[in-house]
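For reference, the chains in residue letters:
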Amino acid sequence: MRKFRFSVLVLLLSGFISITGFAQEKYIEGVKKDIGFLASDSLKGRKPGTPEMLTAAKYISTQFQNAGLTLINGDGFQSFEVVTDVTPGNSNEFSFNSRVLKMKEDFIPYSFSENKALDASVVFAGYGFDFKTDSLVRNDYAGIDVKGKWVMLLRGYPESGKKNDIYSNYASDRGKVVVAKDKGAAGVLFVTGPAMDKNDELVSLFYDKSKAGGGIPVFNIKRKIADSILSSVSKTIAKLEKDASSENAITGIAIPTVVHAQSDLLLTRVSTNNVIGELSGSNPSLKDNYIVVGAHYDHLGMGGHGSGSRKPDTNAVHNGADDNASGVACIIDIANRFFKTKKRPDYSVIFVAFSGEELGMLGSTAFLAKPPVDKSKIKLMMNFDMVGRLNPKTKTISVSGNGTFKEAETLIRSHNDSTKMKITLHPEGYGPSDHAAFYSDNIPVLYFTTGVHGDYHTPEDDADKIDNNGVDMIAALAYDLLLDAGSGKYPMAFKEAGPKVKTSTRAGLKVTLGIMPDFTSEENKGLGVGGVTKDGPADHGGMKKGDVITAIDGKTVTNIYDYMERLKNLTPGQRTSVDIIRDGKKEILIIQL
């Protein structure tokens, strides 16, 4: 009798193991299939607005439906509009002294040029600097009047050894246009000196992922054209570039030549889709609470300048196998686990494949702007971005956001088998992916990634380099976390863990207001405040989410670029005024930096 029972037990156990192994193999096959399809050459890099991106969306929708999810709007699509490109119209003009120039040969408008015509004389103003630091003061506009005129500016900055880092902070073409506007210039003509580019190539016309315009017409002209304009004052760009490289150079020159130019640019606006499916919770009294599980499915298309490719001169399919077909395959795997096991959390789970992440987290922003469920009932957001390169030696995955609710670390540690996979935890809620939008909206987040690698944002990010087993291991962990987190036994109350916006000194900033900008506005009438960091300068000064910043220290702010330039000229400890619009009314806040 004992022997019989033992034999039965052995058979049952061996059967369980074979069934479990079979299921595991099927999950891994599914991951491989999903990544193989999404990262195939036929989808041409999944750029929003393309037919191939729609094919990807339909594929994900089908996988969600096959996993038993209920699709929103019948097909799972939450549509929104994005700008993906800028192209020249038919009315770009440039002429002077009866000489008519050729578009793309002699001149080209910048992508952020305002669509305006201007007839005016020209003033040369060196590199267009006006800044003051502890070690360097420079004002290329000293003693000259540029109001209502074209300003001709050198691109880049003078090579001066130790001063390079200072100059580079103020050398962006966008930043120089902000300064020129402050001085009253009606338009800007950029020219590239021989020290910067002996071949004198015109700038590429590409969409820089910002709908914020420059406010005035802005052109890049060839050196030979600039020299012709300067001929009336017997100057050349080569000579002026050398003069302007001196810290004490007097660079302002009034040029009587009248230039006529008109900018005509067209923004390519396309419709794209988040793909959304719901797994209804098992507990009738708790299923109106939600956990969002997300991953973006867009990538860089064919690459090129302005795409975000790390090889911008290479025009090739950027398959984005790890970024982020791996994340999408992971959340499909999670959904399939619920479908196969017939288990459900007490809370409902919203699965979202976001579009527009590579364009600035536009999909997650659109989701939160018009959420398919009550946003106040979203208890947690779990984001999976680049989870396909689990290091074969360390088997380590990074999970950020464990500081955004107090139970996070206990929850994660209790479900991870450290003999199979190690976890490094980071408390910060902000990060370079879609979860940042949720964090700025005071929703707890967990962000899963295996990290960046050499193939990131290059055509070499291919499916054959993905650790499909690793993706499945992460999905298995997330499945367990969802069952537990969605049980209702954890309050998961939001805690602020780090700033709600990236802070950096790369742009020459010495201070921060402590806000997360709202990038969705196209009106150029101020910078919207998408979030305010607790206990930061803006918070202490009374700023609130939804405010629109229209000026800092008395200087106009129309968009993110104006905002960054204003911050460059502020110092730690300074008190400054910030003009805002709140609920349609103008207010002035005093902010202690």
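Throughout, a residue's number is its position along its own chain's written sequence, starting from 1. In keeping with the model being predicted, local features are shown solely for residues with a pLDDT of at least 70 and side-chain atom pairs are shown and tallied solely at 80 or more, while totals for entire chains, interfaces and linings include all residues. Hydrogen atoms and water are omitted, and side-chain values are computed over all heavy atoms in the structure.

Student: It is not clear to me how the overall build of the protein chain should be interpreted in this structure. Could you clarify?
Tutor: Each helix and strand in the protein chain was counted, giving 13 helices and 25 strands. The globule rule used here is 2.2 Å times the number of residues to the 0.38 power, and the radius of gyration it is set against is calculated over C-alpha atoms. For 593 residues, the compact-globule estimate of 2.2 N^0.38 gives 25 Å, and the protein chain sits close to it at 28 Å. Overall size of the protein chain, expressed as C-alpha extent along the three principal axes, is 110 × 50 × 45 Å. The contacts of the protein chain with a sequence gap of at least 6 include a subset with a gap of at least 24, amounting to 78%. Using a 1.4 Å probe, the Shrake-Rupley method yields the accessible areas, and only the shown protein chains count as cover for residues. Of the roughly 25900 Å² of accessible surface on the protein chain, 52% is carried by carbon and sulfur atoms. Under this rule, positive means Lys or Arg and negative means Asp or Glu; His and the chain ends count for nothing. Charge coordinates come from a single atom per side chain, which is NZ of Lys, CZ of Arg, CG of Asp or CD of Glu. Within the protein chain, the 70 negative side-chain charges are centred at a point lying 3 Å from the centre of the 72 positive side-chain charges. Helix and strand assignments follow DSSP, with helices taken as H or I runs no shorter than four residues and strands as E runs no shorter than two, numbered in order from the N terminus. In this analysis, two residues are considered to be in contact whenever any of their non-hydrogen atoms come within 4.5 Å of each other.

Student: Whenever I open this one, unusual backbone geometry confuses me. Can you help?
Tutor: Among all residues except glycine, the phi angle is most often negative; among peptide bonds, the trans geometry is most common. In this model, D323 is joined to N324 through a cis peptide bond whose omega is 5 degrees. Even without being glycine, M361 reaches a positive phi, approximately 55 degrees. Even without a glycine there, the phi angle at H457 is positive, about 55 degrees. Tracing the sequence through the fold places H457 in the loop between β19 (445-449) and α11 (468-485). The rule is simple: take the accessible area with a 1.4 Å probe, protein chains only, and divide by the maximum for that residue type; under 20% is buried, over 50% is exposed, in between is partly exposed. For H457, a relative accessible area of 6% gives the class buried.

Student: Explanation requested: the environment of P444 in the structure shown.
Tutor: Mapped onto the fold, P444 is located in the loop between α10 (435-440) and β19. Sequence-wise, P444 and K116 are 328 residues apart; in three dimensions their C-alpha atoms are separated by 45 Å. Sequence-distant contacts of P444, defined by excluding residues within four places in its chain, comprise K379, L380, M381, T404, F405, M492, A493 and F494.

Student: Explain the nonpolar core here, please?
Tutor: Within soluble globular proteins, side chains that are nonpolar generally end up buried alongside one another. Among the buried residues, those of types Ala, Val, Leu, Ile, Met, Phe, Trp, Tyr and Cys that are joined through side-chain atoms within 4.5 Å form a nonpolar core. Residues I334, F351, M382, F384 and F448 are the most contacted members of the largest nonpolar core, which totals 64 residues. Ignoring anything within four residues of it in the chain, the contact list for I334 reads V293, F351, F384, A475, A478, Y479 and L482. Counting 33 residues, the second largest nonpolar core, distinct from the first, contains L118, F124, L136 and V259.

Student: Please explain helix α7 (residues 321-341) as it appears in this structure.
Tutor: It helps to recall that an α-helix has 3.6 residues per turn; residues three or four apart then point in one direction. Under the convention used throughout, the expected extent of a helix is 1.5 Å for every residue step, that is, one less than its residue count. When the terminal C-alpha atoms of α7 are compared, their 28 Å separation across 21 residues agrees well with the 30 Å that a helix rising 1.5 Å per residue should span. Extensive coverage of α7 is indicated by the burial of 17 of its 21 residues. Phi turns positive one or two residues past the end of α7, at K342, with a value near 65 degrees.

Student: Where do I start with the pairing of strand β21 (residues 527-532) in this structure?
Tutor: Residues in a regular strand project their side chains so that they alternate between the two faces of the sheet. With respect to burial, β21 is a largely interior element, six of its six residues being buried. As paired elements, strand β20 (residues 515-518) and β21 share four bridges and run antiparallel to each other. Bridge pairing in β21 places I515 opposite V532. Bridging between β21 and strand β22 (residues 548-552) involves two bridges; their strand directions are antiparallel. The pairing criterion is simple: DSSP has to find at least two bridges between the two strands.

Student: Explain the sheet that holds strand β3 (residues 93-96) to me, please; I cannot follow it from the model alone.
Tutor: Pairing between the strands of a sheet comes from backbone hydrogen bonds, and it takes one of two forms, parallel or antiparallel. What the eight strands build is an open sheet, ordered β4-β3-β12-β6-β9-β10-β11-β5; its pairing is mixed. In this open sheet, the two edge strands, each paired with only one partner strand, are β4 (99-100) and β5 (107-109). Think of each axis as a best-fit line through the C-alpha atoms, taken over the contacting stretch in the case of a helix, with angles from 0 to 180 degrees between the N-to-C directions. In the packing of helix α4 (residues 173-182) onto the sheet, the strands contacted are β9 (150-154), β10 (187-191) and β11 (218-221), and the crossing angle to β10 comes to about 140 degrees.

Student: Help me out: how do you make sense of the environment of L300 in this one?
Tutor: Here L300 lies in the loop between β14 (290-296) and α7. The class of L300 is buried, set by a relative accessible area of 5%. It is 26 Å that separates the C-alpha atoms of L300 and I350, two residues lying 50 residues apart in sequence. Sequence-distant contacts of L300, that is, excluding residues within four places in its chain, are made with G45, S307, G308, S309, H318, E358 and H457.

Student: Could you clarify how one ought to interpret the pairing of β9 in this entry?
Tutor: Within β9, five of the five residues are buried, leaving the element largely enclosed by the surrounding structure. Residues of β9 alternate between two faces, with W150, M152 and L154 on one and V151 and L153 on the opposite face, all of them buried. Pairing analysis gives three bridges linking strand β6 (residues 117-125) to β9, with the strands arranged parallel. What sits directly across from V122, in β9, is W150. Across five bridges, β9 lies against β10 in parallel orientation. Bridge pairing links W150 to G187 in β10.

Student: What's the story with the confidence of the model for the protein chain in this structure? I'm lost.
Tutor: The predicted structure's coordinates, where accompanied by low pLDDT, should not be read in detail. For the protein chain, per-residue confidence averages 90 on the pLDDT scale, and 92% of positions sit at 70 or higher. Scored from 0 to 100, pLDDT reflects the predictor's confidence in each residue. Taken together, the stretch residues 1-19 has pLDDT below 50 and engages in zero contacts with residues farther than four places along the chain or on a different chain. Low pLDDT, under 50, characterises residues 503-507; the stretch is placed with six contacts to residues that sit more than four places away or in other chains.

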